Amino acid sequence: MILTALFVVFFVAGPLAFRGLTRGRVQQRSLGVGTAVCAGAGLALRYGFAELWGRNVALTVLSIALIWFAWIGVLAYGARKLRQVDGGLRMRRWTGVIGAAGTTMPWFGLASANLLQG
């Protein structure tokens, strides 16, 4: 059940968040700052509370979520910069497809780890 919920989060929420961030409503500077804050906070939780990592579910999930949001921000930032270089329809499509697919990468690591765990 948990893997099903995570699957929906990674394959629906991630691409939708990426799409929202690449639409242009968010300023480039705000996107960069938000990405840095998410990454910093996620890593601070992960390494600042290392003794609780894996034992406290809320802390672990929040840290992973913040790092994942930062990953989506990096993808959106890169896609927006590529679209500034080439504003054509083909570039918009390719950056949209590749970026949306890139948001799902953590799922494959999670699913692989779950398979190895048995």
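Structure: see above.
Residues numbered from 1 in each chain as written. Predicted model: local features only at pLDDT ≥ 70, side-chain atom pairs only at ≥ 80, totals over all residues. Heavy atoms only, no water.

J.: Even after reading the chapter, I still don't get the overall build of the protein, so can you show me in this structure?
T.: Assigned secondary structure in the protein consists of five helices and zero strands. Projecting the C-alpha coordinates of the protein onto the three principal axes gives extents of approximately 45 × 30 × 20 Å. Looking at the 118 residues of the protein, the share that counts as buried comes to 27%. Approximately 7900 Å² of the protein is accessible, and the part contributed by carbon and sulfur atoms is 70%. (Helix = DSSP H or I, 4+ residues; strand = E, 2+ residues; numbered from the N terminus. Buried < 20%, exposed > 50% of the residue type's maximum accessible area, 1.4 Å probe, protein only. Areas by Shrake-Rupley, 256 points an atom, 1.4 Å probe, with all protein chains shown as cover.)

J.: I would appreciate a short explanation of the environment of Gly99 in the present structure.
T.: For Gly99, the position within the fold is in helix H4 (residues 89–102). Given the relative accessible area of 5%, Gly99 is considered buried. Along the chain, Gly99 and Ile72 lie 27 residues apart, while their C-alpha atoms are 8.2 Å from each other. Filtering out sequence-adjacent residues up to four positions away, Gly99 remains in contact with Phe18 and Leu75. (Contact = heavy atoms within 4.5 Å.)

J.: Sorry if this is basic, but what is going on with the nonpolar core here?
T.: Generally speaking, a soluble globular protein has its nonpolar side chains buried in company with each other. Ranked by size, the top nonpolar core spans 10 residues in total: Phe10, Phe18, Leu31, Trp68, Ile72, Leu75, Ala76, Ala79, Trp107 and Ala111. Elements supplying a minimum of two residues to this core: helix H1 (2–22), helix H3 (57–85) and helix H5 (105–117). Once you skip the residues sitting within four places of it in the chain, Leu31 turns out to touch Leu21, Val26, Gly73, Ala76, Tyr77 and Arg80. (Core = buried A, V, L, I, M, F, W, Y, C linked by side-chain atoms within 4.5 Å.)

J.: Mind showing me how you'd approach the packing of aromatic side chains here?
T.: Describing an aromatic ring pair means giving the distance of the ring centres and the angle of the ring planes. Per the counting criterion, the structure on display carries three aromatic pairs. Both rings, one in Phe7 and one in Phe11, keep their centres 4.5 Å apart while their planes meet at 25 degrees; by these two values the pair is stacked. A residue pair is termed a helical-turn pair when its members lie 3 or 4 positions apart in one helix, as Phe7 and Phe11 do in helix H1 at four residues. Under the relative-accessibility criterion, Phe7 is labelled partly exposed at 38%. By relative accessible area, Phe11 is classed as partly exposed at 30%. Through successive ring pairs, a cluster of aromatic residues spans Phe10, Trp68 and Phe69. Positioned over the ring face of Tyr47 is Arg46, at 4.9 Å from the centre of the ring. (Phe/Tyr/Trp six-rings, centres within 6.5 Å; stacked < 30°, edge-to-face > 60°. Lys NZ or Arg CZ within 6 Å of the ring centre and 35° of its normal.)

Such coordinate-based values are descriptive only and should not be taken to indicate function.
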